[in-house]
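# Chains, contacts and geometry: an overview
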2 protein chains.
Amino acid sequence: MSALESDLPLTRESVLEAHERIKPHIHLTPALTSRTLDRLASTSRSADVDGIKNARGVTGDGAARPVVRMVFKCENLQRGGAFKIRGATHAISRLTPAQSSKGVITHSSGNHAQALAIAAAAASIPCTVIMPSISTPSKIAATQSYGASVVFSGSTAPEREAAVREEQARTGATLIPPYDHPFILLGQGTVALELIEQANAAGRPLDAIVAPCGGGGLLSGIATACRGTGVRVFGAEPRKDGANDCQRGLKAGARIDSVKTLTIADGLRTPTGAVTYGVIEESVAGVFSVTEWEILMAVRLVVERMKVLVEPSAVVGLAVVLFDEGFRRLVQREAGEGGWNVGVVFSGGNTTLEALAGLLVREGEFTNEQEQLLRE
Amino acid sequence: MSALESDLPLTRESVLEAHERIKPHIHLTPALTSRTLDRLASTSRSADVDGIKNARGVTGDGAARPVVRMVFKCENLQRGGAFKIRGATHAISRLTPAQSSKGVITHSSGNHAQALAIAAAAASIPCTVIMPSISTPSKIAATQSYGASVVFSGSTAPEREAAVREEQARTGATLIPPYDHPFILLGQGTVALELIEQANAAGRPLDAIVAPCGGGGLLSGIATACRGTGVRVFGAEPRKDGANDCQRGLKAGARIDSVKTLTIADGLRTPTGAVTYGVIEESVAGVFSVTEWEILMAVRLVVERMKVLVEPSAVVGLAVVLFDEGFRRLVQREAGEGGWNVGVVFSGGNTTLEALAGLLVREGEFTNEQEQLLRE
């Protein structure tokens, strides 16, 4: 068994260094723009536009009317379908030769496991993924298709952790955590380096970046990458069942370390980690949260208007820009008539046509939730 | 009333000239690659891979096993959601001042109408779209939202054409045809200029391009753009109900000018035009056709693996590369072990989540059709 130790400072320079290491192994994902979405974001009358009805609960003269030009960083088009390959590849590049020879292990069943499998295969390092034996066959097959060994465990966290320890005792594999580690967050932060450069090339030098926040690896990495650049960084969370743990923690002045939520943004159900929360507290300009209905509307807009597939977790940043009056008032106040260029990170696209169709069936249900929230 | 006359030669130089004219008004759409799809295209055992079952009806040692590296040109991410903006913008740039002042008109109810509306608005030229009064309200609203005047007609072709003539008599507007005109095909051909350059930049200089063929504007334009470059151009059509009119016409030695099909690739239900067919006959290396099931499998792969939204018409080229044994044997024979770099054009992405979900419901039905075809 071997610990993944880091003495890297959490600085922009460390993110730049991580980028050099991982560049050959990742896609430079496209940065897209959309006149339709800019128009939607820059009106106070979303109720009147494109069927977006009463999403904000505020329309007309009372509502904020910021000027927003967005640049969308499409990590849904990244290798493995999500930004996770960045952190995983970076962590693997930092292993000692002794660690490399014994392989890596994880017990995430989501995007991180697939990313680690891909990154390990690229480095010719053995990779083991602990998965609950009740996992869907397609998920198991996908992880195996990337070359990882799948070891089954019970489905509770203690059972999975025990299985990891058992496997580590046997093989000496190094555990690569999904988000709460300097190597991981520095790797994820490389998204911001590319986005800033691509926005400049598109004639939209960024004033701000909005990114999803689950465990906080992506958000804290971006905040680290943006230090000293003048680009403000904002986080976005789902609100359902208190999934906005980071936002609530910042308000209360203490990290919330446990969350139980069934938000459709299933990649954001985890609470922020200790390391990531520290960075976010220090360097993030604000965290906002959105309803299930707002997330669904954002998915529909991105899929149907921008023509790229996104998982619900990927669009909470866009939902904040479109629907959160607090964020929108802030932009209007700080940006004035010139407006802001806002980088919006689409974090992943790992979903199926069936799953999206299933969300549409629930649209009415989401509308009710939305209305209830507005009454509260 | 005013005719759209062209004295432009159908040469690569004319395509280059068209590109200079339209560049400021269109997106340089991304060119993507996918290891998963390359792997699928480069195996003879598609039956074993990723749930693609018996698509070719040929597996194992008898099947072709070409080496294919693809570069996907994402015109589904183009302004208006399809390549059509290229031809429309080019045609508008060629209007005389007198024509411009009187505006443009069309009776396409598909991607061409929206593209023309966008292109006309950009040039501050009035645009009228004749639409059947039974059109879906969302389609009418979308066309109007781009600034076009919608005039209603009956739903048969003669009724629509009569409405166009009536409107032209009143306004003097110039009819911009959807595909069968030099200005249009030269505009559509600009896709190939970008794709060739992007493939070079990606280290995959193209051996061939495969593009969908409906009216033939896109395919004939690409063939024109590739003249003298050494890049072979292939066409792809749906086969259902004889929708492969171009393939059948080439075989019989005479253009087929009427088709009645209900293929899910609804953008490809039109027969090739007289001008476009002439170019295709002269400059296209081959036209292949695919089943409904193969189209659906290609949609699913692109949406779920590449994470971009495509309409069924957009993926017939990919379906040919993956599933057509004739094409695959040709590649294996001509390319040998080194393989080919193949540019695949995704022509558009104008569909909805509901429509895609509806296709999935029909998957079983398509499988039956597929099996029947294989027995024939």
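Every chain begins its residue count from 1, and numbering advances along the sequence as written. Chain A is the first chain written and ligand 1 is the first ligand written, with later ones labelled in order. Two thresholds apply to this predicted model, a pLDDT of at least 70 for residue-level local features and 80 or more for giving and counting side-chain atom pairs, whereas whole-chain, interface and lining totals are computed over all residues. Side-chain measures were taken over the full set of non-hydrogen atoms in the model, leaving aside hydrogen atoms and water.

## Comments concerning the overall build of chain A
Our working definition: Runs of E in the DSSP output that reach at least two residues are strands. Runs of H or I that reach at least four are helices, and both are numbered from the N terminus. Relative accessibility thresholds used throughout: buried, under 20% of the residue-type maximum; exposed, over 50%; partly exposed, between the two (1.4 Å probe, protein chains only). Throughout, a contact is declared for two residues whenever any of their heavy atoms are within 4.5 Å. Working definition of accessibility: Shrake-Rupley area with a 1.4 Å probe, residue cover restricted to the visible protein chains.
Assigned secondary structure in chain A consists of 17 helices and 10 strands. When the backbone C-alpha atoms are referred to their principal axes, chain A occupies close to 65 × 45 × 40 Å. When burial is assessed residue by residue, chain A has 59% of its 376 residues classed as buried. Taking the intrachain contacts of chain A between residues at least 6 apart in sequence as the baseline, contacts between residues at least 24 apart amount to 74%. Summed over all atoms, the accessible surface of chain A reaches about 14,300 Å², with 49% contributed by carbon and sulfur.

## Quick word on the pairing of strand β2 (residues 68-74) of chain A
All names here are of chain A. Quick note on the threshold: For two strands to pair, DSSP has to find at least two bridges joining them.
In terms of burial, β2 is a largely internal element, 6 of the 7 residues being buried. Note: strand β1 (residues 31-32) against β2, 2 bridges, orientation antiparallel. Its bridge partner being in β2, L32 is matched across the sheet by F72. Pairing of β2 with strand β10 (residues 340-346) involves 7 bridges; the strand directions are parallel. Note that in β10 the partner of F72 across the bridge is V344.

## With respect to the sheet that holds strand β3 (residues 104-106) of chain A
Residue and element names in this part refer to chain A. Judged by pairing direction, the sheet is parallel, and its 4 strands sit side by side in the order β5-β4-β3-β6 without closing on themselves. Taken across any chain shown, the strands that pair with only one partner, and hence form the sheet edges, are β5 (149-153) and β6 (174-175). Bridge count between β3 and β6: 2 bridges; the pairing is parallel. Directly across from V104, in β6, lies its bridge partner T174.

## Remarks on the domain arrangement of chain A
Residues and elements named next belong to chain A. Selection rule: Each domain span listed reflects an automatic or database assignment of domains. Take the accessible area each of two parts loses on contact, using a 1.4 Å probe, and add the two losses: that sum is the buried area. For this document, the term salt bridge refers to a Lys or Arg side-chain nitrogen within 4 Å of an Asp or Glu carboxyl oxygen. Side-chain atoms alone can form a polar contact between residues adjacent in sequence; in general such a contact is a pair of N or O atoms within 3.5 Å, and within protein one must be able to donate a hydrogen while the other accepts it.
Structurally, chain A comprises domain 1 (31-81 + 184-375) and domain 2 (83-178). Taken together, the contacts link 16 residues of domain 1 with 15 residues of domain 2. Where domain 1 abuts domain 2, roughly 1,300 Å² becomes buried across the two surfaces, and 54% of that area is made up of carbon and sulfur atoms. In terms of surface lost to domain 2, no three residues of domain 1 exceed R79, I184 and Q188, which account for 43% of the buried area on that side. Summed over the shared surface of domain 1 and domain 2, the number is 2 salt bridges. The partner of E194 in a salt bridge is R86, with the nearest N and O atoms 2.8 Å apart. Inspection of the domain 1/domain 2 interface yields 7 residue pairs in polar contact (both at pLDDT 80 or more). Among the elements that make up the side of domain 1 that touches domain 2, the one with the highest residue count is helix α8 (residues 182-188) (4 residues).

## Describing the interface of chain B and chain A
With 25 residues of chain B at the contact, the number on the chain A side is 25 residues. Together, the buried faces of chain B and chain A total about 2,100 Å²; carbon and sulfur atoms form 62% of this surface. Counting across the chain B and chain A interface gives 2 salt bridges. One salt bridge connects E354 of chain A with R300 of chain B, and the closest N-O pair in it is separated by 2.8 Å. At the boundary of chain B and chain A, one finds 10 residue pairs in polar contact (both at pLDDT 80 or more). For the side of chain B that touches chain A, the element with the most residues is helix α16 (residues 353-361) of chain B, which contributes 5 residues.

## Thoughts on the sheet that holds strand β9 (residues 286-290) of chain B
Residues and elements named next belong to chain B. Stated formally: Convention adopted: a line fitted to C-alpha atoms gives each axis, helices being fitted over their contacting stretch, and angles between N-to-C directions are expressed from 0 to 180 degrees.
Ordered in space as β1-β2-β10-β7-β8-β9, the 6 strands form an open sheet in which the pairing is mixed. Of all the strands in the sheet, just β1 (31-32) and β9 have a single pairing partner and so form its edges. Along the sheet face, helix α15 (residues 325-335) touches β2 (68-74), β7 (208-212), β8 (232-238), β9 and β10 (340-346) and points at about 145 degrees away from the line of β10.

## Considering the environment of S124 of chain A
Take S124 of chain A: it is sitting in the loop between α5 (111-122) and β4 (127-132). Expressed as a C-alpha distance, the spacing of S124 of chain A and S100 of chain A, which sit 24 residues apart in the sequence, is 8.9 Å.

## Some remarks on the relation of the copies chain B and chain A
For clarity, the cut-off: Superposition of the copies used a least-squares fit over C-alpha atoms from residues whose pLDDT is at least 70 in both.
For the pair chain B and chain A, the relating rotation is 180 degrees, the translation along its axis is 0.0 Å, and the fit reaches an RMSD of 0.0 Å. Given the turn and translation reported, the copies of this chain are related as if by a two-fold rotation axis. Among all residues of chain B, the minimum C-alpha distance to the rotation axis is found for V308 of chain B, at 2.0 Å. When the interface residues of chain B are mapped onto chain A, 100% of them are again interface residues, pointing to one common binding face.

## As for the nonpolar core
Note the following rule: Take the buried Ala, Val, Leu, Ile, Met, Phe, Trp, Tyr and Cys residues and link them wherever side-chain atoms come within 4.5 Å; each set so joined is a nonpolar core.
The biggest cluster of nonpolar side chains holds 106 residues, and the ones touching the most others in it are M70, L318 and F346 of chain A together with M70, L318 and F346 of chain B. The contact partners of M70 of chain A, leaving out residues within four places of it in the chain, are L32, T33, L37, D38, A41, R204, L318, V321, V342 and V344 of chain A.

## Let's talk about the packing of helix α3 (residues 84-93) of chain A against α5 of chain A
Residues and elements named next belong to chain A. The condition that has to hold: Here is the rule for angles: anything less than 35 degrees is roughly parallel, anything more than 145 is roughly antiparallel, 65 through 115 is roughly perpendicular, and the remaining ranges are oblique. The sense of a crossing depends on the near helix, which, turned anticlockwise from the far helix by less than a right angle, makes the crossing left-handed and, turned clockwise, makes it right-handed. The nonpolar class holds Ala, Val, Leu, Ile, Met, Phe, Trp, Tyr, Cys and Pro. Asp, Glu, Lys and Arg form the charged class, and all remaining residues, Gly among them, are polar.
It is the contact of α3 with α5, at a shortest axis distance of 8 Å, that shows an interaxial angle of 45 degrees. Taken together, the axes of α3 and α5 lie oblique to each other. α3 and α5 meet at a crossing whose hand is right-handed. Counting all contacts with α3, which are made through K84, I85, A88, T89 and I92, the residues of α5 involved are N111, H112, A115, L116, I118, A119 and A120. Taken together, the residues of the contact of α3 with α5 break down into 8 nonpolar, 3 polar and 1 charged.

## Some details on the environment of I256 of chain A
Structurally, the position occupied by I256 of chain A is in the loop between α11 (245-252) and α12 (274-283). Apart from the residues lying within four places of it in its own chain, the contact partners of I256 of chain A are D245, R248, G249, P271 and T272 of chain A.

## A word on the pattern of salt bridges
Summed over all chains, the structure comprises 22 salt bridges over all chains. R328 of chain A is paired through a salt bridge with E325 of chain A; the nearest N and O atoms lie 3.9 Å apart. Of the two residues, R328 of chain A and E325 of chain A both sit in helix α15 (residues 325-335), 3 residues apart, roughly one turn of that helix. A relative accessible area of 0% places R328 of chain A in the buried class. Note on E325 of chain A: relative accessible area 8%, which makes it buried. For R300 of chain B, the salt bridge is made with E304 of chain B, and the minimal N-O distance between the two is 3.1 Å.

## A closer look at unusual backbone geometry
Unusually for a residue other than glycine, D241 of chain A sits at a positive phi of about 55 degrees. Relative to the helices and strands, D241 of chain A is located in the loop between β8 (232-238) and α11. The phi dihedral of K307 of chain B is positive, around 65 degrees, even though this residue is not glycine. Along the chain, K307 of chain B turns up in the loop between α13 (292-306) and α14 (316-323). Given the relative accessible area of 5%, K307 of chain B is considered buried.

## Some words on the pairing of β10 of chain A
With respect to burial, β10 of chain A is a largely interior element, 7 of its 7 residues being buried. Alternating residues of β10 of chain A divide into W340, V342, V344 and F346 of chain A and N341, G343 and V345 of chain A, and every residue in both groups is buried.

## Notes on the confidence of the model for chain A
When pLDDT drops low, the exact placement of atoms in the prediction is not to be read closely. In plain terms, the rule: Values of pLDDT, ranging from 0 to 100, describe the predictor's confidence in every residue of the model.
For chain A, the average pLDDT comes to 91, and 93% of its residues sit at 70 or higher. Taken together, the stretch residues 45-51 of chain A has pLDDT below 50 and engages in 13 contacts with residues farther than four places along the chain or on a different chain.

## Some points on the state of the cysteines
Put simply, the rule is: Criterion for a disulfide: a pair of cysteine sulfur atoms at a distance within 2.5 Å.
The final tally for this structure, using the stated rule, is 0 disulfides over all chains. C226 of chain A forms no disulfide, and the closest cysteine sulfur to it belongs to C213 of chain A, at a distance of 15 Å. Looking at C226 of chain A, the relative accessible area reads 3%, which means it is buried. No disulfide involves C246 of chain B; its sulfur sits 4.1 Å from that of C213 of chain B, the nearest cysteine.

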